Amino acid sequence: MTDDMLVGLYSSGNAKAFDVLLDRYKDKLYAYISFVVRDTQLAEDIFQETFLKAIVTLQKGSYSSNGKFGAWITRIAHNLIMDSFRQDRSENTVSRESDERDCLNDSRFSDPTVEDCMINDQTLADVRALVDMLPDNQREVVFMRYYQDMSFNEIAIATGVSINTALGRMRYAILNMRRMVTQKNVSLNLL
């Protein structure tokens, strides 16, 4: 069933239709929220609030079915994230915890050599650090494009900007990352 069909069923009182929508979008939406806010508790709160807002909007009949439920719910999450950032900025508290991985104890790396694992992990950590240094709007577009495999049209809808602005943000993100690689003399080679 299409998203719009499920929304129609939910609006008619079929609660299981919303469960299908939730299952369809929960992983992708949580991954997006978690990547942007980088705080598990805050990500869970925003995730829950996103679906609560969606439920309220659907129950009021305010949702206009246009075949873009995924972009619509991502836009709700985006707005809640921006509200959270604004609140954090006013309180001057920002947390930037890093996610380090131990390749020596990871069974997925049993075939390659230990050196290969360490080089790959360092390269991925370097890329992640470069992405983390990008301005919020550029980091968000990079995450949506490369981690969520969203089209630029979907990114534009989710972030509430034009396609050209989304493309521009990606272009500047790549240019900024290249500049940072040169300035910091970082080698980005995966084995």
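Okay, so let's go over this structure. As the structure is a prediction and not an experimental result, all values here were calculated from the model. (Residues numbered from 1 in each chain as written. Predicted model: local features only at pLDDT ≥ 70, side-chain atom pairs only at ≥ 80, totals over all residues. Heavy atoms only, no water.)

## A short note on the overall build of the chain
Okay, so step 1: A count of helical and extended segments in the chain gives eight helices and zero strands.
Okay, so step 2: The linear arrangement of helices and strands in the chain, starting from the amino end, is α-α-α-α-α-α-α-α.
Okay, so step 3: Restricting to contacts in the chain with at least 6 residues of sequence separation, those with at least 24 account for 62%.
Okay, so step 4: Summed over its atoms, the accessible surface of the chain is roughly 11700 Å², and 50% of this surface lies on carbon and sulfur atoms. (Helix = DSSP H or I, 4+ residues; strand = E, 2+ residues; numbered from the N terminus. Contact = heavy atoms within 4.5 Å. Areas by Shrake-Rupley, 256 points an atom, 1.4 Å probe, with all protein chains shown as cover.)

## A few points about a negative patch on the surface
Okay, so step 1: The grouping of Asp 39, Glu 44, Asp 45 and Glu 49 at the surface amounts to a negative patch.
Okay, so step 2: Inspection of the secondary structure assignment puts Glu 49 in helix H3 (residues 40-60).
Okay, so step 3: A relative accessible area of 38% places Glu 49 in the partly exposed class. (Patch = residues over 30% accessible without salt bridge, like charges linked within 9 Å, V, L, I, M, F, W, Y side chains within 5 Å. Salt bridge = Lys/Arg side-chain N within 4 Å of Asp/Glu carboxyl O. Lys, Arg positive; Asp, Glu negative; His and termini not counted. Charge placed at Lys NZ, Arg CZ, Asp CG, Glu CD. Buried < 20%, exposed > 50% of the residue type's maximum accessible area, 1.4 Å probe, protein only.)

## Regarding the nonpolar core
Okay, so step 1: Core analysis: the biggest nonpolar cluster contains 44 residues, and Tyr 32, Ile 33, Phe 69 and Ile 81 have the highest contact counts within it.
Okay, so step 2: Put simply, the parts of the chain that give this core at least two residues each are helix H1 (3-11), helix H2 (15-37), H3, helix H4 (69-91), helix H5 (114-133), helix H6 (136-147), helix H7 (152-159) and helix H8 (163-184).
Okay, so step 3: Considering every element that reaches this core, the biggest residue donor is H2, with ten residues.
Okay, so step 4: In this structure, Ile 81 is in contact with Tyr 32, Ile 33, Val 36, Val 37 and Ile 46, ignoring residues within four places of it in sequence. (Core = buried A, V, L, I, M, F, W, Y, C linked by side-chain atoms within 4.5 Å.)

## What to know about the side chain of Thr 74
Okay, so step 1: With respect to the helices, strands and loops of the structure, Thr 74 is situated in helix H4.
Okay, so step 2: With a relative accessible area of 11%, Thr 74 lands in the buried category.
Okay, so step 3: Here Gly 70 takes part through its backbone oxygen, which lies 2.7 Å from a polar atom of the side chain of Thr 74.
Okay, so step 4: Other than its neighbours up to four places away in sequence, Thr 74 contacts Leu 29, Tyr 32, Met 144 and Ala 158. (Polar contact = N/O pair within 3.5 Å; in protein donor to acceptor, adjacent residues only side chain to side chain.)

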